[in-house]
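# Observations on the model geometry
So you can see what is in the structure, the chains are spelled out below.
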Amino acid sequence: MSEKYLGILKSDDPLFFYLNKIKELKLHNFVPVDFYLVQSFSNMKTNVYKYTSNFDGTSFVVKFFGKNLTVNKKIAIKRLLWEFNKLKFFQSCSNKKTKVINPYCYLPDIDCALVEPYINGKTLDYYIKSAIEKNEKNKLYKRLELLALLFSCIHKKVNQDNYDMIVEKNYCSKILHTLYKNSLIDKNKMLSIKEKCIKKFSEIRHNTTHIHGDATTTNFIYANGSIYAIDMEKAKIASLELDLGFIVAELKHHFMLFGQKDNDASEYISFFLNNYCLLSSRNINDIENNLEIFISLGLFRIARNMYLDANYRKLLVKKAIDLIQ
């Protein structure tokens, strides 16, 4: 993950005191600190920063939920506690190979800050790019196998029977409205696609489970032979295909982004899904029969990103619509 230097955090800032206390009480590190270097992550939202102590290089990631003055503090605190509790809940998935980032603390009075360890590793998109540009296929296979293992653990807890897909239907409506506002689809097309999506969701009947909810390539970091899940603010109870479909969409997107065809990602998609089903004791046919609509949602989701080329965003939308039809 590339980082941009922003300045320093001095000792008169309240956050400085808390970072030092975490350093001493949780890390048992008593090396004095004059200041913390502050950096932003180019591939993450602007409310997430890295703080590094000037002497020994100890680093923290701090996510602010209330830094924007337009955010209602009650809502910011609610989001802060939601992510903190979800990260703690999923610690049962942390073992030698798969880990969910374990937050140090939350600070409601410091712009609703969530303080987490910094993981010095590579995100999934790095390995996808390396497989495409450097033919480092085995490295990507190994990372996808770890991701399948992580998902098989996150998805272990089954909840409501005969789920009616309300989360997915609402998300579909929201994402299509965003694409309409961005002039990527017209109103009639938006309504037509929405109707088809809701019909397809209504035909799916299975149990719900806990999911990551924001399965993008930058939310999975690989370091020291392990995979780390981060950013679980959108973790929820829904259909497991939402996580799987988003990863498949990300693989297709990255292959297209780097000059390949989306079908060139097929071998990695099959490998990932087969490993997931093997590890989670699920039927691959059941997964694949329902997955296309979730892949479409993933492609629609990626097409929202304003930093992508306008024509490429339209191509993503077309690919998504083709899968639905």
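## As for the sheet that holds strand S5 (residues 98–100)
Sheet architecture is open: 4 strands sit in the order S5-S11-S10-S8, paired in mixed fashion. At either end of the open sheet lies a strand with only one pairing partner, and these are S5 and strand S8 (122–123). Along the sheet, helix H4 (residues 137–154) makes contact with S5, strand S10 (220–223) and strand S11 (226–229), crossing S10 at roughly 120 degrees.

## A word on a nonpolar patch on the surface
A grouping of Tyr 5, Ile 8 and Leu 37 is seen on the molecular surface, where their side chains present a nonpolar patch of about 270 Å² in accessible area. Mapping Tyr 5 onto the fold places it in strand S1 (residues 3–9).

## Some details on unusual backbone geometry
The general pattern is negative phi for most residues beyond glycine and trans for most peptide bonds. Residue His 28 is not a glycine yet carries a positive backbone phi of 55 degrees. Take His 28: it is sitting in the loop between helix H1 (14–25) and strand S2 (36–41). Judged by its relative accessible area of 59%, His 28 falls in the exposed class. A positive phi angle, close to 55 degrees, is found at Asp 231, a residue other than glycine.

## Side note on the pattern of salt bridges
Where side chains of opposite charge bring their charged atoms close, a pairing between them can arise. In total, this model carries 14 salt bridges according to the counting rule given. Across the pair Lys 63 and Asp 231 runs a salt bridge, and its minimum N-O distance is 2.8 Å. Of this pair, Lys 63 sits in strand S4 (residues 59–64) while Asp 231 sits in the loop between S11 and strand S12 (236–238), placing them 168 residues apart in sequence. According to the relative accessible area criterion, Lys 63 is buried, its value standing at 6%. One salt bridge in this structure joins Asp 214 and Arg 301, with 2.0 Å as the shortest N-O distance. Placement of the pair is Asp 214 in the loop between strand S9 (209–211) and S10 and Arg 301 in helix H9 (residues 284–303), with a sequence separation of 87 residues. Taking relative accessible area as the criterion, Asp 214 reaches 7% and is therefore assigned buried.

## Comments concerning the packing of aromatic side chains
The relative placement of two aromatic rings is captured by the distance of their centres and the angle of their planes. For the structure shown, the criterion picks out 17 aromatic pairs. Measuring from centroid to centroid gives 5.5 Å for Phe 16 and Tyr 36, while their planes differ by 75 degrees, and the two rings are edge-to-face. Of this pair, Phe 16 sits in helix H1 while Tyr 36 sits in strand S2, and the two are 20 residues apart along the sequence. In this structure Phe 16 comes out as buried when scored by relative accessible area, which is 6%. In this structure an aromatic cluster arises from ring pairing among Phe 16, Tyr 36, Phe 60 and Tyr 104. Note that Lys 50 overlies the ring of Tyr 118, its terminal NZ or CZ placed 4.1 Å from the centroid.

## Overview of the packing of H9 against helix H10 (residues 310–324)
At a closest axis distance of 8 Å, the pairing of H9 and H10 adopts a crossing angle of 165 degrees. Here H10 runs roughly antiparallel to H9, going by the angle between their axes. Pair H9 / H10 crosses with left-handed handedness. Two secondary-structure elements touch here, H9 through Glu 292, Ile 293, Ile 295, Ser 296, Leu 299, Phe 300, Ile 302 and Ala 303 and H10 through Arg 313, Leu 316, Val 317, Lys 319, Ala 320, Ile 321, Leu 323 and Ile 324. The residue makeup of the contact of H9 with H10, split by class, is 12 nonpolar, 1 polar and 3 charged.

## Examining the side chain of Asp 262
By the element assignment, Asp 262 lies in the loop between helix H7 (241–257) and helix H8 (266–280). Residue class for Asp 262 comes out buried when judged on its relative accessible area of 10%. Engagement of the side chain of Asp 262 in a polar contact is seen with the side chain of Lys 319, the distance being 3.3 Å. Beyond its immediate stretch of four places on either side in the chain, Asp 262 contacts Lys 252, Met 256 and Lys 319.

## Things to note about the environment of Val 31
Note on placement: Val 31 falls in the loop between H1 and S2. Taking the C-alpha atoms as reference points, Val 31 and Ser 53, separated by 22 residues in sequence, lie 9.3 Å from one another. In contact with Val 31, other than residues within four places in its own chain, are Lys 23, Phe 55 and Asp 56.

## Quick look at the sheet that holds strand S3 (residues 48–53)
Sheet strands associate in pairs through backbone hydrogen bonding, adopting either a parallel or an antiparallel arrangement. In space, the 6 strands of this open sheet follow the order S1-S2-S3-S4-S7-S6, with antiparallel pairing throughout. The open sheet is flanked by S1 and strand S6 (105–107), the only strands paired with a single partner. Going across the sheet, the axis of each strand differs from the next one's by a mean of 30 degrees, ignoring polarity. Bridge analysis of S4 against strand S7 (residues 113–117) gives 5 bridges, and the strand direction is antiparallel. Paired with Phe 64 across the strands is Ala 113, a residue of S7. Sheet strands touched by H1: S1, S2, S3, S4, S6 and S7. Its angle to S4, the strand with the most contacts, is close to 135 degrees. Docked against the sheet, helix H2 (residues 73–89) engages S4, S6 and S7, running at close to 25 degrees with respect to S7.

Criteria and cut-off values
- Residue numbers run consecutively from 1 along every chain, following the written order of its sequence.
- With pLDDT at 70 or above as the cut-off, local features in this predicted model cover only qualifying residues; side-chain atom pairs require 80 or more to be listed or tallied, and sums for whole chains, interfaces and linings still use all residues.
- Computation of side-chain values covers all heavy atoms of the structure but excludes hydrogens and water.
- Pairing between strands requires that DSSP locate at least two bridges from one strand to the other.
- Elements are defined by DSSP. Helices are runs of H or I of four residues or more, strands are runs of E of two residues or more, and each kind is numbered from the N terminus.
- Note on definitions: a residue-residue contact is assigned when non-hydrogen atoms from the two residues lie within 4.5 Å.
- Lines fitted to C-alpha atoms define the axes here, with helix axes fitted over just the stretch in contact, and angles between the N-to-C directions of these axes take values from 0 to 180 degrees.
- The patches described consist of residues with a relative accessible area above 30% and no salt bridge, like charges being joined within 9 Å and nonpolar side chains (Val, Leu, Ile, Met, Phe, Trp, Tyr) within 5 Å.
- Note on areas: Shrake-Rupley with a 1.4 Å probe; residue coverage comes only from the protein chains shown.
- When a carboxyl oxygen of Asp or Glu lies within 4 Å of a side-chain nitrogen of Lys or Arg, that pair is called a salt bridge.
- Throughout this description, buried means an accessible area under 20% of the type-specific maximum (1.4 Å probe, protein chains only), exposed means over 50%, and partly exposed covers the range between.
- Pairing of aromatic rings covers Phe, Tyr and the six-membered ring of Trp, with a centre-to-centre limit of 6.5 Å; geometry is then stacked below 30 degrees between planes, edge-to-face above 60, and tilted otherwise.
- Here, a charge over a ring is recorded when the distance from Lys NZ or Arg CZ to the ring centre is within 6 Å and its angle to the ring normal is within 35 degrees.
- Roughly parallel means an angle under 35 degrees; roughly antiparallel, over 145; roughly perpendicular, 65 to 115; everything else is oblique.
- Less than a right angle of anticlockwise turn of the near helix away from the far helix marks a crossing as left-handed, whereas a clockwise turn marks it as right-handed.
- Under the scheme applied, nonpolar residues are Ala, Val, Leu, Ile, Met, Phe, Trp, Tyr, Cys and Pro; charged residues are Asp, Glu, Lys and Arg; polar residues are all the others, including Gly.
- Contacts described as polar in this section are N or O atom pairs within 3.5 Å, which, within protein, must combine one atom able to donate a hydrogen with one able to accept it, while residues neighboring in sequence count only if both atoms come from side chains.

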